[in-house]
Amino acid sequence: MAKTKSKKTELTKEKMLHMHRLMLDIRNFDSKVNRLVKKGKIPGMTHFSIGEEAANVGAVAAIKQGFDLITSNHRGHGQSIALEIDLNGMMAEIMGKATGTCKGKGGSMHIADLDNGNLGANGIVGGGMGMAIGAALTQKMKNTGKIVVCFFGDGAVNEGTFHETLNMASIWNLPVIFYSINNMYGISTPIKDMINIDYNYQRASAYGVPGHFIEDGNDLMAVYNKFEEIVQYVRDGNGPVLVESITYRWLGHSTSDPGKYRTKEEVDEWKMKDPIARFRDYLLENKIATEKEISDVEASSMEAVEESVKFALSSPEPTLESAFEDIFAD
Ligand SMILES: Cc1ncc(C[n+]2csc(CCOP(=O)(O)OP(=O)(O)O)c2C)c(N)n1
Ligand SMILES: [Mg+2]
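Scoring rules and cut-offs
Residues numbered from 1 in each chain as written. Chains lettered and ligands numbered in written order. Predicted model: local features only at pLDDT ≥ 70, side-chain atom pairs only at ≥ 80, totals over all residues. Heavy atoms only, no water. Buried < 20%, exposed > 50% of the residue type's maximum accessible area, 1.4 Å probe, protein only. Helix = DSSP H or I, 4+ residues; strand = E, 2+ residues; numbered from the N terminus. Pairing = 2+ DSSP bridges. Right-handed = clockwise from strand over helix to strand, strands pointing away. Donors = N, O, S within 2.8 Å, 3.2 Å for Na, K, Ca; no water.

Peer 1: Would you take a moment to explain the pairing of strand 6 (residues 211-214) for this structure?
Peer 2: In regular strands, side chains alternate between the two faces of the sheet. Along strand 6, the buried face is formed by His 212 and Ile 214; none of Gly 211 and Phe 213, which line the opposite face, is buried. With four bridges connecting them, strand 6 and strand 7 (residues 241-246) associate as parallel partners. Bridging across to strand 7, Phe 213 finds its partner in Glu 244. Between strand 6 and its parallel partner strand 7, the chain crosses via helix 7 (residues 220-235), and the hand of that crossover is right-handed.

Given below as structure tokens:
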């Protein structure tokens, strides 16, 4: 098992255990949804964040919960959970139930959670980028002090909107972090067939913004420490940043992908870099938490996910009339 290389931080034990809990929630929630898909309980397409837990939780843990904003993409479960969405509402949303976070109208790919600052997931690759700079412009003009983190994948970096929004954010000096979670594939296409440079963050200089690289996006503390630094930089009014972390999705692109384009050896190699197992070891080796404290967190995460399934399964379907509600803003 790969080790966590980053140095010990000043974070409290409570915060670290909480971050561990959020990573477990992502893993347990998505594992459960995957089983429910196979049982025919989930309508529509679903993309899982399993394997990418640290890349999500480390970033979100560095922003101000319930204050700062994010935009998400089709693989947004990890970001929603890292931002502490109500798991019952999220499971109900994915099942298309009336009690869902978006009343069952969004499903897995369009989860929004405005109370927690999540402006929404997006089925259009690159679709969150315009929203992110719009939101960032609002924060700047209203002087709110809030920053925006725009999450997207490596597959989004050749969309025109990537280049347009990075340039606009740069000339307008907007408080936005463009964050590419590079899991090295856009569906079945490897990143090396999509760009002719090693990494996407190297493009930052073309827009006059700083580019940052998190080589080990499965090291929770490495992601957190880098984000803590850049969140401060952006909040201080220095303008946008492009950051990229390297991680891997353990499962197929979506529930309909058998994953024939990757070898079992490649997947197994990445499982040895499991972000959750590594952070568990880190907590124990640095005597931050005891075996008992960690297993309590593991048990309560499992319980919360089981509870969300019960809640969602017993929730009503949306009524036909509700299809015509919430279409226009008041
Ligand atoms: C504009 C647009 N083009 C194509 C698609 C189809 N599509 C859905 S996900 C995806 C790949 C995205 O890859 P990446 O951004 O790396 O995210 P990942 O799935 O790897 O997390 C594509 C091409 C889409 N949804 N929107
Ligand atoms: Mg990708």
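Peer 1: Got a minute to help me understand the coordination of the magnesium ion (ligand 2) in this structure?
Peer 2: The reference angle at a metal is 109.5 degrees if four donors form a tetrahedron and 90 or 180 degrees if six donors form an octahedron. Note on the magnesium ion (ligand 2): its protein donors are Asp 154 (OD), Asn 183 (OD1) and Tyr 185 (O). The metal-donor distances range over 2.1 to 2.2 Å. Coordination of the magnesium ion (ligand 2) draws on donor residues from a single chain, spaced D-x28-N-x1-Y in sequence. Of the two residues, Asp 154 sits in the loop between strand 2 (148-153) and helix 6 (160-171) while Asn 183 sits in the loop between strand 3 (176-182) and strand 4 (185-186), which places them 29 residues apart along the sequence.

Peer 1: Looking at this structure, I do not really get unusual backbone geometry. What am I missing?
Peer 2: With the exception of glycine, the majority of residues adopt a negative phi angle, and the majority of peptide bonds are in the trans configuration. Phi is positive for Lys 103, close to 55 degrees, though the residue is something other than glycine. For Lys 103, a relative accessible area of 44% puts it in the partly exposed group. With a phi close to 55 degrees, Asn 173 is a non-glycine residue in the positive phi region. Its place among the elements puts Asn 173 in the loop between helix 6 and strand 3.

Shape descriptors only; they carry no functional weight alone.
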